[in-house]
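Each chain, written out:
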Amino acid sequence: MSDTTVLIVGGGFAGVACAQLLAKHDVDVIMLDRNNYHQFQPMLYQVATAQLAADDIARPLRGIFRHDKTVEVRHTAVTSIDLDARSVTTTLGSGLSADYLVTAVGAEANYFGTPGAAEHSLPLYSVNDAERLRTRILEVLDATIERPELIEMGALNFVIVGGGPTGVETAGALAEALRDAVPEGYQSLAQSAQVHLVDHGEVLLAPFSDKAHAYAAKRLQDDGVTLHLGVGVKEVFPDRVTLSDGDTIMTHAVIWGGGEKPADVIAAAGLPQGHGGRIEVEQDLTVADHPQVYVLGDAANIAGADGKTLPQLGSVAQQSGSLDRPQHPRRDRRQGTYAVRLQRQGHHGHDRPQRRRRRDGCASARGRWPGSVRGLAGRPRHAAQRRTEQDRRVHRLGLGLLQQERRDSDGRCT
Ligand SMILES: Cc1cc2nc3c(=O)[nH]c(=O)nc-3n(C[C@H](O)[C@H](O)[C@H](O)COP(=O)(O)OP(=O)(O)OC[C@H]3O[C@@H](n4cnc5c(N)ncnc54)[C@H](O)[C@@H]3O)c2cc1C
């Protein structure tokens, strides 16, 4: 047992990486999450389109830390954070404080004030969101079988807002599911279903190369997706969306991938916010004037070695919890997580979810949008290379805490 206690809010990529690191050093950790599981966000759209079951992408947090005796997992939502006291209040009704407070609460949908968007569209940030979306898709299909007149009212139009990675992946997966899987149960509907993707930018996957813009657009159009580029969503209603060019798309299912912001609980903590509302952090990921409070992962505005803000990616979040300095993912690695998926034909992953999907005979879309745990990790590395990378690691957060602990106990940093 150590003298130091660390409170980690959020058991996502960043929080889990941080707790795992601290556990190796026997630091006492209390991890709080509103879910009792860790979710693998990059595969949410596969749950939403019924290609994977929810439990394929969610792991119990207690299971992850079952061998780490210094990590205690508590299932509760944090409702407010007191930076000065390094304490939080939770839905369990009790307050908790610690020597160090680590917040890794991720991001949530940013509707940019679009009227009706929060009420009538479906975001895709959690397993619950994905299941809600899947249910909505099936409800719409079932309702249309019973009442074919709903087709005229746009019930089989699926509108995706946002042409970034989430929107593009979801549009592709949905178009493919509607084409390949839906006909099995809803033969009469397949011809009428239509996926629309709306983005106010002129290209898809804006941060990627020109080649990727063109490729993504072509692939989606080949799969029957209608692109509405250069127009924004003006308002979302229960039965339609209106666009900035005056058009209206009748729909009963709007999926919001149009932007994100840090989770409410950290946004409300009164900290300076930068691009996209992300919390400004120091080089060591602490926040201004609070050297014992850290913000990690998607919620933080983390600068890479070149000073540029790092993208909100799983690898960046993991590194923010465990490495010296999150690295800008190499362009090809980043494309490995998003765009290359679009280019892959056939199944390449050998991860558990894909295997289970085939075994269960789930509604597979022929694995053309495979997504892979390996994609997130990048290419497999040789053992020697892995060792060198480990040697180079300076566990900033973990060792920072350990040094502080030693400094506290004998007055100087070892
Ligand atoms: C649909 C989608 C697809 C993606 N695809 C890719 C991809 O292909 N490749 C890639 O690299 N990245 C991808 N990403 C991004 C990647 O998932 C994120 O960068 C990463 O999950 C961020 O990790 P995090 O730990 O900061 O936050 P998260 O993983 O979001 O974890 C935050 C945790 O905090 C908990 N939490 C939040 N608020 C509270 C509260 N008030 N109280 C208690 N707990 C709370 C949540 O339950 C969650 O467990 C994708 C993201 C999405 C949404």
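Residues numbered from 1 in each chain as written. Predicted model: local features only at pLDDT ≥ 70, side-chain atom pairs only at ≥ 80, totals over all residues. Heavy atoms only, no water.

Novice: Would you take a moment to explain the overall build of the protein chain for this structure?
Specialist: Within the protein chain one finds 16 helices and 23 strands. Counting the 414 residues in the protein chain, one finds 53% classified as buried. Taking the intrachain contacts of the protein chain between residues at least 6 apart in sequence as the baseline, contacts between residues at least 24 apart amount to 64%. Counting every atom, the protein chain has about 19,100 Å² of accessible surface; 48% of that belongs to carbon and sulfur. (Helix = DSSP H or I, 4+ residues; strand = E, 2+ residues; numbered from the N terminus. Buried < 20%, exposed > 50% of the residue type's maximum accessible area, 1.4 Å probe, protein only. Contact = heavy atoms within 4.5 Å. Areas by Shrake-Rupley, 256 points an atom, 1.4 Å probe, with all protein chains shown as cover.)

Novice: Explain the confidence of the model for the protein chain to me, please; I cannot follow it from the model alone.
Specialist: Detailed reading of the predicted coordinates is not advisable wherever pLDDT falls low. In the predicted model, the protein chain carries a mean pLDDT of 79, and the fraction of residues at 70 or more is 77%. Note that pLDDT drops below 50 for residues 330–414; the model gives that stretch 150 contacts with residues more than four away or on any other chain. (pLDDT = per-residue confidence, 0-100.)

Novice: Mind showing me how you'd approach the packing of helix α1 (residues 13–24) against helix α10 (residues 314–322) here?
Specialist: Helix packing geometry: the angle between the two helix axes and the distance between the axes. Between α1 and α10, the shortest axis-to-axis distance is 7 Å and the interhelical angle comes to 30°. Judged by the inter-axis angle, α1 sits roughly parallel to α10. In this structure, α1 crosses over α10, and the sense of that crossing is right-handed. The residues of α10 that touch α1, namely those facing Phe-13, Ala-14, Ala-17, Cys-18 and Leu-21, are Gly-314, Ala-317, Gln-318, Ser-320, Gly-321 and Ser-322. A per-class count over the contact of α1 with α10 returns six nonpolar, five polar and no charged. (Axes fitted to C-alpha atoms, helices over the stretch in contact; angles between N-to-C directions. Parallel < 35°, antiparallel > 145°, perpendicular 65-115°, else oblique. Left-handed = near helix turned anticlockwise from the far one by under 90°. Nonpolar A, V, L, I, M, F, W, Y, C, P; charged D, E, K, R; others polar.)

Novice: Just checking my understanding: could you explain the site of the ligand for this structure?
Specialist: Taken together, 30 residues surround the ligand, and among them Ala-14, Asp-33, Gln-41, Val-78 and Asp-298 come closest. Phe-13 has a polar backbone atom sitting 3.1 Å from an oxygen atom of the ligand. Between the ligand and Ala-14, the relevant distance is 2.9 Å, taken from an oxygen atom to a main-chain nitrogen or oxygen of the residue. Here the ligand has 1,000 Å² of accessible area as a free molecule, and 97% of this is covered by the chains. Counted by class, the shell around the ligand contains 14 nonpolar, 12 polar and four charged residues. For the shell around the ligand, the two domains that each supply at least three residues are domain 1 (5–108 + 261–320) and domain 2 (111–258 + 331–414). (Near = heavy atom within 4 Å. Polar contact = N/O pair within 3.5 Å; in protein donor to acceptor, adjacent residues only side chain to side chain. Domains from an automatic or database assignment.)

Novice: What is the right way to read the nonpolar core from this model?
Specialist: Most often, soluble globular proteins have nonpolar side chains that are buried together. Ranked by size, the top nonpolar core spans 99 residues in total, and within it Ile-8, Phe-65, Val-88, Ile-266 and Val-295 carry the most contacts. The residues that make up this core include at least three from each of domain 1 (5–108 + 261–320) and domain 2 (111–258 + 331–414). When near neighbours in sequence (up to four residues on either side) are disregarded, Val-295 contacts Thr-103, Ile-266, Leu-271, Ile-279, Val-281, Leu-285, Val-287 and Ala-300. One finds Val-236, Ile-249, Val-254 and Trp-256 within the second-largest nonpolar core, a separate group that totals 15 residues. (Core = buried A, V, L, I, M, F, W, Y, C linked by side-chain atoms within 4.5 Å.)

Novice: Mind showing me how you'd approach unusual backbone geometry here?
Specialist: With phi around 60°, Asp-26 is a residue other than glycine that occupies positive phi space. Relative to the elements of secondary structure, Asp-26 occurs in the loop between α1 and β2 (28–33). Residue class for Asp-26 comes out partly exposed when judged on its relative accessible area of 47%. Positive phi outside glycine occurs at Phe-112, with the angle close to 50°. Positionally, Phe-112 belongs in the loop between β10 (107–109) and α4 (117–120).

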